[in-house]
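As a plain string of letters, each chain reads:
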Amino acid sequence: MFSLSFERVLGIIRSTNAIDLAAGLAAILALRMAYLANHKGPRTTRLRGPKPGIFFGADKVIFEASDPVAVYEAWYKEYGAVYEVPLMLGQRKVILCDPKAIAHFFGRDSWSYVLTPENKIAAERTVGKGVLWADGEIHRRQRRSLAPAFNSTSIRKVTPIFYDASHKLKLKWEAIIDADDSGSAIIDIQNWLTRQRMNHVSLDTIGLAGFSHDFSSLDGRKGSVTSALEAFAALPKPSSFTICLFIFLRRFPVLFNLLAQNDRLSRALYKPMADISKTLFEKAKREKEEGHLDGKAENSVVGLLIKTEDAETNTYLTGEEVLAQMVTILVAGHQTTEISMTWALLELARHPDIQMRLREEILAFDGEPTYDQLSKDFPYFDAVVHEIFRLHPVASEMARMAKEDDVIPLSQPVRTKSDEVAHSIFVARGTFIGIPIAFINRSDALWGPDGKDFRPERWLETDGITQQARELQGYHHLLTFGDGPKACLGKLFAIAEVKTVLWVLVKNFVLEMRDALDEVEKEEGLLPRPRIVGEDGTKMPLRIKRYDG
């Protein structure tokens, strides 16, 4: 297949005569406008909305904003709970912030609303044709095959593994602190101990719980999987020119196939994941055939995938799909949880009063709670975790495309572009839909004037959650894990892992900001993550000391 390097594409674009480039873009725009003008059938309801730019549209505004939530907040206040934003070359996207509209959308997600073409390509190249890539019946079949590994019964069995990995981390931190005569140490929680990230806790737990395999990353072993994940996490913040090019490619997804650079980055992550997944799967399958696969391994993700590959049922998976599921779990199952852990430790360091109250609840319990106890016996602990997932969703926005015409109901009417009142909106096939998750999770309009504050007490107070927020569906009225057919399959796994790690660390350590003047920002990478302003990469240095009672 013909391919160009990313640098070569940039060179071609930069060297192109300005007049020729303008003429080419004008021709593309003209063709696009002609298509829209002659498109047959009903059109999507025209809504009010911003006009950020005729060429790059709202994408560039959001990409370059230091606080995208503030941009969505301003649009919400001016245009209402449902509005449209312009995209490149005459396209537009409908933004849904209305609870009833969002519930309808999630209920039909995977059937009426599917991945956008560029996201479909990105998912396939990063994790293969697994559950993150699939839509419709394929998605339902794949999800059924994985569901037993992520229900309460399965998480209950692997909770001891979470504790074991957390205690390994505890011992590492204690050794670092003991080596410092001051009685405390500055530990980079995202890049501690010679570039070993917090995601090693997640990598070890997902390896043991999902595949009965110990990556031993907490013990210092650094394999190809860890190296690939670190490379993706450390991707530099894109330049303005790169953002513009990316927006252009999003509107013409087929051009992604011309970029060998994109392929190189994807292969750097996918190949080691695929290799180790294949090895683990073949090893487990061989052990099963020989009768050596123990009960724990048989009930793990890899054990269940063996059953689905062999079964002639509606959960049957092909070999390619089995591999894709394992890669998906390795990538999505630990990167996202690691980021949530980092935010949790950061927020506790920034709020010592909350940290102290949480520690008091933990210390009042003798020993380590079971999964069931963690799930229901610690109200303030629950409130802290809810607040972490509310304020810091890993995915800040969800983008879909309408696969078929649809009518979306609204809880409150909106005004159309022609100033008519609409109680529902018509969405034509091919329309882009956006759900600004981070904004909805912390919007003042939905959560009250303290919606952007880290305040766990809201979950314990009688009127702490506003009526508007209660209208939102999903996990505790949060969109962090999505909802409907495509709701996050690993939600219970992630919550249990975050809770066990926090339990061990908060019980044994006091977390403080390194400097009271330290500011935090989000750094772009494979997934956005926090970093201290002025630090290289995604460093998150905190002052850690033992809790001595």
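For the structure itself, consult the block above.
The rules behind the values
Residues numbered from 1 in each chain as written. Predicted model: local features only at pLDDT ≥ 70, side-chain atom pairs only at ≥ 80, totals over all residues. Heavy atoms only, no water. Pairing = 2+ DSSP bridges. Helix = DSSP H or I, 4+ residues; strand = E, 2+ residues; numbered from the N terminus. Axes fitted to C-alpha atoms, helices over the stretch in contact; angles between N-to-C directions. Contact = heavy atoms within 4.5 Å. Phe/Tyr/Trp six-rings, centres within 6.5 Å; stacked < 30°, edge-to-face > 60°. Buried < 20%, exposed > 50% of the residue type's maximum accessible area, 1.4 Å probe, protein only. Lys NZ or Arg CZ within 6 Å of the ring centre and 35° of its normal. Lys, Arg positive; Asp, Glu negative; His and termini not counted. Salt bridge = Lys/Arg side-chain N within 4 Å of Asp/Glu carboxyl O. Polar contact = N/O pair within 3.5 Å; in protein donor to acceptor, adjacent residues only side chain to side chain.

Participant: Which residues make up the sheet that holds strand 12 (residues 541–546), and what are the values?
Facilitator: Read from one edge to the other, the open sheet built from three strands follows the order 4-12-9, with strand pairing classed as antiparallel. In this open sheet, the two edge strands, each paired with only one partner strand, are strand 4 (184–188) and strand 9 (509–513). Geometrically, the sheet is characterised by an average inter-axis angle of 35 degrees between neighbouring strands, direction not taken into account. When strand 4 meets strand 12, the two strands line up antiparallel, connected through five bridges. If you follow Ala185 over to strand 12, its bridge partner there is Ile544. Set on the sheet, helix 23 (residues 491–508) makes contact with strand 9 and strand 12; between it and strand 9 the angle comes to about 85 degrees.

Participant: Provide a residue-level description of the packing of aromatic side chains, including the pertinent values.
Facilitator: Per the stated rule, a full pass over the model turns up 16 aromatic pairs. With a centroid separation of 5.4 Å and an interplanar angle of 80 degrees, the aromatic rings of Phe365 and Phe378 are classed as edge-to-face. One end of the pair, Phe365, is in the loop between helix 17 (352–363) and helix 18 (371–376); the other, Phe378, is in the loop between helix 18 and helix 19 (379–391), and 13 residues separate them in sequence. Relative accessible area serves as the criterion here: at 22%, Phe365 is assigned to the partly exposed category. Among the aromatic residues, those joined into a cluster by ring pairs are Tyr72, Trp75, Tyr79 and Tyr83. The ring of Trp133 is capped by Lys120, whose NZ or CZ atom sits 4.1 Å from the centre of that ring. Geometry around Trp447 places Arg390 over its ring, the cationic atom sitting 5.2 Å from the centre.

Participant: Which residues make up the side chain of Arg442, and what values go with them?
Facilitator: When you line up the elements, Arg442 lands in helix 20 (residues 437–442). The buried charged residue Arg442 lacks any salt bridge, with Asp67 as its nearest oppositely charged partner at 5.5 Å.

Participant: Requested: an account of the side chain of Arg92, with residues and values cited.
Facilitator: Relative to the helices and strands, Arg92 is located in strand 2 (residues 92–96). When its relative accessible area of 16% is taken as the criterion, Arg92 is described as buried. Here the side chain of Arg92 touches Thr44 through a polar contact of 3.1 Å, landing on its backbone oxygen. A distance of 2.8 Å separates polar atoms of two side chains, one belonging to Arg92 and the other to Glu84.

As far as function goes, none of this settles anything; it's purely spatial.
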